[in-house]
Amino acid sequence: MTNLTGSAEHGGIAALRRVLLLNKAVLFALILAVVLSVASPYFLLQQNIVALLEQIVVMTIVALGYTLVLATGEIDLSVGGMIALIGFVIAKLMTTYGVPVPVAIIAGMALGAACGALNATMVSRFGLPSFIVTLATGALFTGILYILSNLVPVSNLPPGFLAISRTKIGPIPLPVILLVPVVIGFYVVATKTVFGQHVIALGGNPEAVRVAGINITRLRLKVFMIAGACYAVAAVLLTARSASAQIGAGSNLLLIVITAVVIGGTPLLGGKANMIGTLFGCLILGMISNGMNLLGVNANYQIAVQGLLILFALVLDIESTKLLLRLDKRSMLRRRQAGAL
Amino acid sequence: MTTAPLVELENISKAFGGVQAVDNVSLTVSPGEVIGLLGHNGAGKSTLIRILSGAHTADSGRILVGGTEATITSPKDAKAIGIETIYQTLALADNLDAVSNLFLGRERRRFGIFNDRRTMVRETTEICAQINPRFTNLQTPVRNLSGGQRQTIAIARAVYFNARVLIMDEPTAALGPGETAMVKDLIQQLKSKGVGIILISHDIEDVFDLADRMVVMAGGRVVGRLNTHEATREQVLSLIIMGAETKPNPAAARP
């Protein structure tokens, strides 16, 4: 009998460890928030929290789309090029061609989806690794941007467009409010829909998905198109915030986004899509940058810290996956010994 | 007693590059019949099977299902007409649980796009209870399961979706003795329900135990068709190895 309670307690601890490992981003974010609120009296000020959330909106929207891409076991290195190109096209449509704001935004999202479709098609049709395809298309998008723009940023954007980032509802900027339904939407897609299930299965075993009669080409196409549309939304927000379409817009996003997604518990090799984790991964990165600013850390150090953090996140990803496997195996063994087979 | 065949493969050929993987092969499966498909690696068994299950398309030949010609160009087509396949690799997504794997590609839906998880869990529980009552951890990733449990999922998939023809590629290759017995028992059950089964196996004893007829392939061709109760091990082995029957040594064949 003592043995029984002992093993039940043990099971409880193992279950707790499991929950913590699966939600390490949430835990890490909480710890970071506590540390920062102790270290700096400004951290918990309403203005600072709002500024922090505003900072992470663009990153998070990109990261949510990116989570789907990583979940299928693919990678997308064309993010930066695509965002800058779409931002430029939207700005140019509105300023030079007088296209109404909503139409320009929809055109931008269509362009993002089209760029994503190009990526997916190259991967599916020619069986190329997405790593190589998106490295090349990223350069292509950047090159097209250079040709079209001649490296001149576009400003004098219409006030209706700039209002996207300047409108506030109470103390909260519009983009932060927009983020809420987007996060919920991606969470629902990843966890509740048949599409989300297929995405995760594809990351787990493409051959099983193929012989199950699922059209992988179409599935991959949808994933890359959704990601492209997300990048377009990010391009809109970036352009509105800086009141101009910058040539280098979004060029720093790739690494940040991959880090956030992986910290959030979506493995680099796919097979899982943790959208809530991605949100918290973005919060963590936002808090680190915000915290370094509050504590007066030299900006030159911030990039090095980011690099270290990425390495840390990758190691954590691999180690926690191993640990999870071990825990699962151990609990399986225990069940088998208990006669449940 | 003759029953109309469930499936007839007629003069199927398939080449990869210059290699004739399957060369003018015909095969029929009747209800409640177990066909043992034998042959060396590279004999063309897997290619033939993959043509029937929609993973490859034949260069020539036709497939009749219930007497009418069927076009099978994808795994989906094959499943739609009741041809289910259990691959040697089992084709399970290791990161998903038994429920998700059982319904992969044929999910029960709500409002067209949502997983009807509750229904799928209930039905997986029911079907697995019939097949292997000791298998209850339906909601852990299948990478943590034993070979027999994984096989249970693959078989449950075929049973749940009412397979009329079931193709089993090396179903017992990765299993222990107890699990092998379970799979054999399942094959008998399915057979008694009128399912036609094509069994590919390296284990000649399994085939002698289970099959009604045996078809031996070598070099992409059928080199022998035998009724199990008339065949000897030596005869079958020599067909597999040499692609022809050696003159049976009367002393050895009839002790």
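Residues numbered from 1 in each chain as written. Chains lettered and ligands numbered in written order. Predicted model: local features only at pLDDT ≥ 70, side-chain atom pairs only at ≥ 80, totals over all residues.

## Regarding the pairing of strand E10 (residues 196-200) of chain B
Residues and elements named next belong to chain B. Across the five residues of E10, five count as buried, placing the element largely inside the fold. Of the two faces of E10, the one carrying Gly196, Ile198 and Ile200 and the one carrying Ile197 and Leu199 are both buried. Judged from the four bridges that link them, strand E3 (residues 34-38) and E10 form a sheet pairing that is parallel. Bridging across to E10, valine 34 finds its partner in isoleucine 197. Read as a crossover between parallel neighbours, the route from strand E9 (residues 165-169) over helix H6 (residues 177-192) to E10 is right-handed. (Buried ≥ 20, exposed ≤ 12 C-beta atoms within 10 Å, placed from the backbone. Helix = DSSP H or I, 4+ residues; strand = E, 2+ residues; numbered from the N terminus. Pairing = 2+ DSSP bridges. Right-handed = clockwise from strand over helix to strand, strands pointing away.)

## Some remarks on the sheet that holds E10(B)
Residue and element names in this part refer to chain B. Judged by pairing direction, the sheet is mixed, and its six strands sit side by side in the order E6-E9-E10-E3-E11-E12 without closing on themselves. Unpaired on one side and paired on the other, strand E6 (83-86) and strand E12 (221-227) mark the two borders of the sheet. Each adjacent strand pair in this sheet contributes to an overall mean axis angle of 20 degrees, direction not counted. Looking at chain direction, E9 and E10 are connected through five bridges and run parallel. Among the inter-strand pairings, isoleucine 167 is bridged to a residue of E10, identified as isoleucine 198. Sheet contacts for helix H1 (residues 45-52): E3, E6, E9, E10 and strand E11 (213-218); angle to E9, the most-contacted strand, approximately 150 degrees. (Axes fitted to C-alpha atoms, helices over the stretch in contact; angles between N-to-C directions. Contact = placed C-beta atoms within 7 Å.)

## Some words on the pairing of E3(B)
All names here are of chain B. Among the five residues that make up E3, five are buried, leaving the element largely enclosed by the rest of the structure. The two faces of E3 match: Val34, Gly36 and Leu38 on one face and Ile35 and Leu37 on the other face are all buried. Here E3 runs beside E11; their pairing, made up of four bridges, is parallel. What sits directly across from leucine 38, in E11, is valine 216.

## As for the packing of helix H3 (residues 46-71) of chain A against helix H11 (residues 216-242) of chain A
Any two packed helices are characterised by how steeply their axes cross, that is the angle between the axes, and by the distance between the axes. Residue and element names in this part refer to chain A. Interaxial distance between H3 and H11 falls to 8 Å at its minimum, and their mutual angle equals 175 degrees. On the basis of the axis angle, H3 is roughly antiparallel to H11. Judged by residue contacts, Val57, Val58, Ile61, Val62, Leu64, Gly65, Tyr66, Leu68 and Val69 of H3 engage Val223, Phe224, Ile226, Ala227, Cys230, Tyr231, Val233, Ala234, Leu237 and Leu238 from H11. Partitioning the contact of H3 with H11 into residue classes produces 18 nonpolar, one polar and no charged. (Parallel < 35°, antiparallel > 145°, perpendicular 65-115°, else oblique. Nonpolar A, V, L, I, M, F, W, Y, C, P; charged D, E, K, R; others polar.)

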